[in-house]
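Listed below are the residues making up each chain.
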Amino acid sequence: MGHVHILRDFASPQEGFSRTVRIYTPDAYDHAPGHRFPVLYMHDGQNVFAHAESAIYDTWRANDALEYLVAEGRTEPWLIVAVDSTHNRLSEYSPWDEPRSHVHAQGDAYVRFLTDTLKPYVDGTYRTRGGAEWTAVMGSSLGGLMSLYMGWRRPDLFGRIGGLSPSVMWGWDRFFSEWTHHTRRWSRIYLDAGLHETVDPVGYVMRYGESTRDFYHHLKGLGYGDHELALVLEPGGHHDEKAWQRRLPSAMHWLLG
């Protein structure tokens with residue numbers, strides 16, 4: 001069933017504090033000591049795993065989903081590195097300010113932590129497989145926005161990007177004007193949302209189904225092909241862990257398989 005290793009007080013010098021990092025190693029990691037493994041990075045780490053020390057409510061159960069796919073022969077084993085969010089989540093997952101809700105962006109420091117501190121640690125400690133094609137990043141809501149942002153900013157590091165209910169409308173739809181061309185790198189991008197999914201956590205209605213569909217067509221217009229880009233709009237899907245848990249196996253299959 002694999003193992004979840006929890007690293008507490010993992011220093012983030014770029015942000016000026018420490019974080020909790022949870023690292024899942026699949027069964028194959030112990031059974032194949034000469035093998036190197038691809039790595040999936042995920043946000044909101046406390047909500048990622050089916051594990052006794054994860055959130056007490058519904059989580060993504062990402063380790064269960066991956067183990068199921070591996071047993072079915074639909075993907076190979078991956079390491080999963082999940083970084084906990086903090087009480088300042090809105091800012092740390094914001095690549096730019098959101099004036100409608102008075103959120104000041106601190107996302108670039110988080111990106112630098114992940115790329116300049118955490119990823120080198122993981123690559124130096126575990127048997128990872130190099131190259132952007134074998135490095136993925138995935139998250140939901142603002143974590144989905146940050147995953148897309150990281151893949152856009154650092155396509156040399158992250159070739160596979162998963163945005164579940166991504167907040168692409170953040171900052172007055174700014175990502176639409178920032179992502180203006182195909183990166184011309186190896187890419188696989190998965191987008192999903194509930195067809196009529198909306199939420200109003202910060203003072204304005206965020207229409208996830210509409211915005212995710214519009215961002216998909218935006219990327220298509222930049223030249224991303226069907227082999228690089230997927231869109232799933234789930235009828236009845238809501239903005240919560242249950243919905244992301246339900247869609248995760250198919251998302252992983254397309255993104256990692």
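Residues numbered from 1 in each chain as written. Predicted model: local features only at pLDDT ≥ 70, side-chain atom pairs only at ≥ 80, totals over all residues. Heavy atoms only, no water.

1. A look at the overall build of the protein chain
Phase 1 of the analysis: Per the secondary structure count, the protein chain includes eight helices and ten strands.
Phase 2 of the analysis: Over its C-alpha atoms the protein chain spans a radius of gyration of 17 Å, differing by no more than 12% from the 18 Å that the globule rule assigns to 257 residues.
Phase 3 of the analysis: Over its C-alpha atoms, taken along the principal directions, the protein chain stretches across nearly 50 × 40 × 35 Å.
Phase 4 of the analysis: By residue count, 56% of the 257 residues in the protein chain fall in the buried class.
Phase 5 of the analysis: Sequence separation of 24 or more characterises 72% of the internal contacts of the protein chain that already satisfy a separation of 6 or more.
Phase 6 of the analysis: Accessible surface, the protein chain: about 10800 Å² in total, of which carbon and sulfur atoms supply 50%.
Phase 7 of the analysis: Separation between the mean location of the 25 positive side-chain charges and that of the 32 negative ones in the protein chain comes to 4 Å. (Helix = DSSP H or I, 4+ residues; strand = E, 2+ residues; numbered from the N terminus. Rg over C-alpha atoms; globule rule 2.2 N^0.38 Å. Buried < 20%, exposed > 50% of the residue type's maximum accessible area, 1.4 Å probe, protein only. Contact = heavy atoms within 4.5 Å. Areas by Shrake-Rupley, 256 points an atom, 1.4 Å probe, with all protein chains shown as cover. Lys, Arg positive; Asp, Glu negative; His and termini not counted. Charge placed at Lys NZ, Arg CZ, Asp CG, Glu CD.)

2. Here we look at the environment of Gly 144
Phase 1 of the analysis: Mapped onto the elements of the fold, Gly 144 is located in helix 5 (residues 142–153).
Phase 2 of the analysis: Sequence separation between Gly 144 and Gly 162 is 18 residues, and the spatial gap between their C-alpha atoms is 6.8 Å.
Phase 3 of the analysis: Residue contacts for Gly 144: discarding those within four places in its chain leaves Gly 139, Gly 163 and Pro 166.

3. Comments concerning the nonpolar core
Phase 1 of the analysis: With 49 residues, the main nonpolar core has Leu 118 and Trp 179 as its most contacted residues.
Phase 2 of the analysis: Sorting the residues of this core by element identifies strand 2 (17–25), strand 3 (39–42), strand 4 (79–83), helix 4 (107–125), helix 5, helix 6 (170–178), strand 7 (188–194) and helix 7 (208–221) as the ones contributing at least two each.
Phase 3 of the analysis: In terms of residues, this core owes the most to one element, helix 5, which gives seven residues.
Phase 4 of the analysis: Setting aside residues no more than four positions away along its own chain, Trp 179 makes contact with Leu 148, Trp 152, Ile 161, Ile 189, Phe 215, His 218, Leu 219, Leu 222 and Tyr 224.
Phase 5 of the analysis: Tyr 24, Trp 60, Ile 80 and Tyr 190 belong to the second largest nonpolar core, which has 25 residues in total. (Core = buried A, V, L, I, M, F, W, Y, C linked by side-chain atoms within 4.5 Å.)

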